[in-house]
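Structure assessment
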Amino acid sequence: MTRAERKKAHIEHALSTGQKRLTGFDDITFVHVSLPETALSQIDTATKIGELFLSSPIFINAMTGGGGQTTLEINRALARAAAETNIPVAVGSQMSALKDPGERPSYEVVRKENQKGLVFANLGSEATVEQAQRAVDMIEADMLQIHLNVIQEIVMPEGDRSFSGRLRRIEEICSTVGVPVSVKEVGFGMSRETAAKLFEAGAAAVDVGGYGGTNFSEIENLRRDKAVDFFNQWGISTAASIAEVSSAFQNRAVIASGGIQNALDLAKSIALGASAAGMAGYFLKVLTSSGEDALVKEIAGLIKDLKRIMTVLGCRTIEELKKSPLVLKGDTYHWLKARGIDPSTYSMR
């Protein structure tokens, strides 16, 4: 199977496997505010990822590219939707375009269709400094995402089997490329220990990429003759991962992703400590089932719904939403307790 064929297979399997609502967000409840003293017109959803300013905390997270005309058209539509709604958009891994220049258009289309917006480049942690710079230059990127996908690679029939030296390469990339670097997990969550290493290496942000969204172990197992399906239930839920990392790094940029499906998930992500949230699988489903116009309406609706939630919580800004009290229960509560994090710090603030 060629790399382009594999990319198209990933899209098909991502849509067919879907998302199973295992993110942990259902363990999180806002403490209701009966006297919020706010108005919808006062709400400001602006936020920052490091030094990058966003008009709202939502962005289109990395999905695809390098799959020929199919992925080119998907990225074209995603870029247009991002431009229309003034949110950032990330491309999928650009390694295929670095190895095959014929695949460059499926990535370059994002900048062509979104000339003034924030665009994020993307490569795996096996990338060299030279490859990272080429990826950034290819789409005139405002930030580079480096993705960590060990589980996907180890399950993938033709995937990598050695992962040594990656932290050193990430450190070299962070100190060399001329844009901020965000390091992201791909669906299995990130611990505070991993986040500590990445921030020490120079990452401007970490994207927890928690368990509960698109499951790349499940996707790769569909491509195997004999499944290694014990990895299908592997990982840290999105809610637990956000809380774990943000509680240890309150002044650093933490990005939420992994199965976020609506404005309430988004609001809970921010209240747990995230500065922004990436959505991929849900947006892909809307785009492929209902079209580009429907995706634009969905994104605009998410922003409006987030403002409604902030209004009833009495939060005029994203920073205020980060301090909104929450009550935690279930697996998320027990995970944090076991990891030495007091869940009551969220409910008593």
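Residues numbered from 1 in each chain as written. Predicted model: local features only at pLDDT ≥ 70, side-chain atom pairs only at ≥ 80, totals over all residues. Heavy atoms only, no water.

1. What about the overall build of the protein chain?
Tallying secondary structure elements over the protein chain gives 16 helices and 12 strands in all. Its C-alpha radius of gyration of 19 Å places the protein chain within 12% of the 20 Å reference for a compact globule of 349 residues. On the principal axes, the C-alpha backbone points of the protein chain span a range of 60 × 40 × 40 Å. Put simply, 74% of the contacts in the protein chain that link residues at least 6 apart link residues at least 24 apart. Carbon and sulfur atoms provide 50% of the accessible area of the protein chain, an area that totals close to 14700 Å². Between the mean site of the 39 positive side-chain charges and the mean site of the 41 negative ones, the protein chain shows a separation of 1 Å. (Helix = DSSP H or I, 4+ residues; strand = E, 2+ residues; numbered from the N terminus. Rg over C-alpha atoms; globule rule 2.2 N^0.38 Å. Contact = heavy atoms within 4.5 Å. Areas by Shrake-Rupley, 256 points an atom, 1.4 Å probe, with all protein chains shown as cover. Lys, Arg positive; Asp, Glu negative; His and termini not counted. Charge placed at Lys NZ, Arg CZ, Asp CG, Glu CD.)

2. As for the packing of aromatic side chains
A full pass over the atoms with the stated rule returns five aromatic pairs. Taking the centre distance of 5.6 Å and the plane angle of 65° together, the rings of Phe-59 and Phe-120 count as edge-to-face. Of this pair, Phe-59 sits in strand E4 (residues 58–60) while Phe-120 sits in strand E6 (residues 119–124), and the two are 61 residues apart along the sequence. Assigned by exposure class, Phe-59 and Phe-120 land together as buried. Members of the aromatic cluster, connected to one another through ring pairs, are Phe-230, Phe-231 and Trp-234. (Phe/Tyr/Trp six-rings, centres within 6.5 Å; stacked < 30°, edge-to-face > 60°. Buried < 20%, exposed > 50% of the residue type's maximum accessible area, 1.4 Å probe, protein only.)

3. Structural notes on the nonpolar core
Among the nonpolar cores identified, the biggest contains 87 residues, and Leu-144, Leu-272 and Leu-321 are the most heavily contacted of them. Element by element, the count of residues in this core is highest for helix H13 (residues 292–313), at nine residues. Beyond its immediate stretch of four places on either side in the chain, Leu-321 contacts Phe-30, Ala-267, Ile-270, Ala-271, Leu-306, Met-310, Leu-313 and Cys-315. (Core = buried A, V, L, I, M, F, W, Y, C linked by side-chain atoms within 4.5 Å.)

4. Quick look at the UniProt feature "binding site: Mg(2+)" (unreviewed entry) in the protein chain
The positions that UniProt labels "binding site: Mg(2+)" (unreviewed entry) are, in the present scheme, Glu-153. Excluding its chain neighbours within four sequence positions, the residues that come into contact with Glu-153 are Gly-159, Asp-160, Arg-161 and Phe-163. (UniProt positions renumbered as here; feature names shortened; annotations may be inferred.)

5. Here's the deal with the side chain of Glu-153
Counting through the fold element by element, Glu-153 comes out in helix H6 (residues 150–155). The buried charged residue Glu-153 lacks any salt bridge partner; its closest oppositely charged side chain belongs to Arg-161, at an N-O distance of 5.7 Å. (Salt bridge = Lys/Arg side-chain N within 4 Å of Asp/Glu carboxyl O.)

6. Side note on the environment of Val-296
Among the structural elements, Val-296 can be located in helix H13. Taking C-alpha positions, Val-296 is 7.0 Å from Glu-84, a pair spaced 212 residues apart along the chain. Apart from the residues within four sequence positions on either side, Val-296 is in contact with Ala-81, Glu-84 and Thr-85.

7. Things to note about the pattern of salt bridges
According to the stated counting rule, one finds 16 salt bridges in the structure shown. Here Arg-339 ties to Glu-244 by a salt bridge, and the two come within 2.6 Å at their closest N and O atoms. Taken together, the positions of Arg-339 in the loop between helix H15 (330–338) and helix H16 (344–347) and Glu-244 in helix H10 (residues 238–248) put the pair 95 residues apart, joining distant regions of the chain. Residue Arg-339 is classed as partly exposed on the basis of its relative accessible area of 25%. Here the salt bridges share partners, and the residues they tie into one network are Glu-73, Arg-76, Arg-80, Glu-113 and Glu-292.

8. Overview of the side chain of Thr-85
For Thr-85, the position within the fold is in helix H2 (residues 69–85). Leave out the neighbours within four places in its chain, and Thr-85 touches Val-296, Ile-299, Ala-300 and Ile-303.

9. Here's the deal with the packing of H2 against H13
Remark: H2 packs on H13, axes separated minimally by 9 Å, with the N-to-C direction vectors making an angle of 40°. Considered as vectors, H2 and H13 are oriented oblique to each other. For the element pair H2 and H13, the recorded crossing hand is right-handed. In this structure, H2 uses Ala-77, Leu-78, Arg-80, Ala-81, Glu-84 and Thr-85 to contact H13, whose residues at the interface are Glu-292, Leu-295, Val-296, Ile-299, Ala-300 and Ile-303. Counted by class, the contact of H2 with H13 contains eight nonpolar, one polar and three charged residues. (Axes fitted to C-alpha atoms, helices over the stretch in contact; angles between N-to-C directions. Parallel < 35°, antiparallel > 145°, perpendicular 65-115°, else oblique. Left-handed = near helix turned anticlockwise from the far one by under 90°. Nonpolar A, V, L, I, M, F, W, Y, C, P; charged D, E, K, R; others polar.)

10. Comments concerning unusual backbone geometry
Excluding glycine, a negative phi dihedral is what most residues carry, and trans is how most peptide bonds are arranged. Despite not being glycine, Asn-86 has its phi angle at roughly 60°, a positive value. Tracing the chain through its elements places Asn-86 in the loop between H2 and strand E5 (89–90). Positive phi is not limited to glycine here, since Glu-140 has a value of about 50°.

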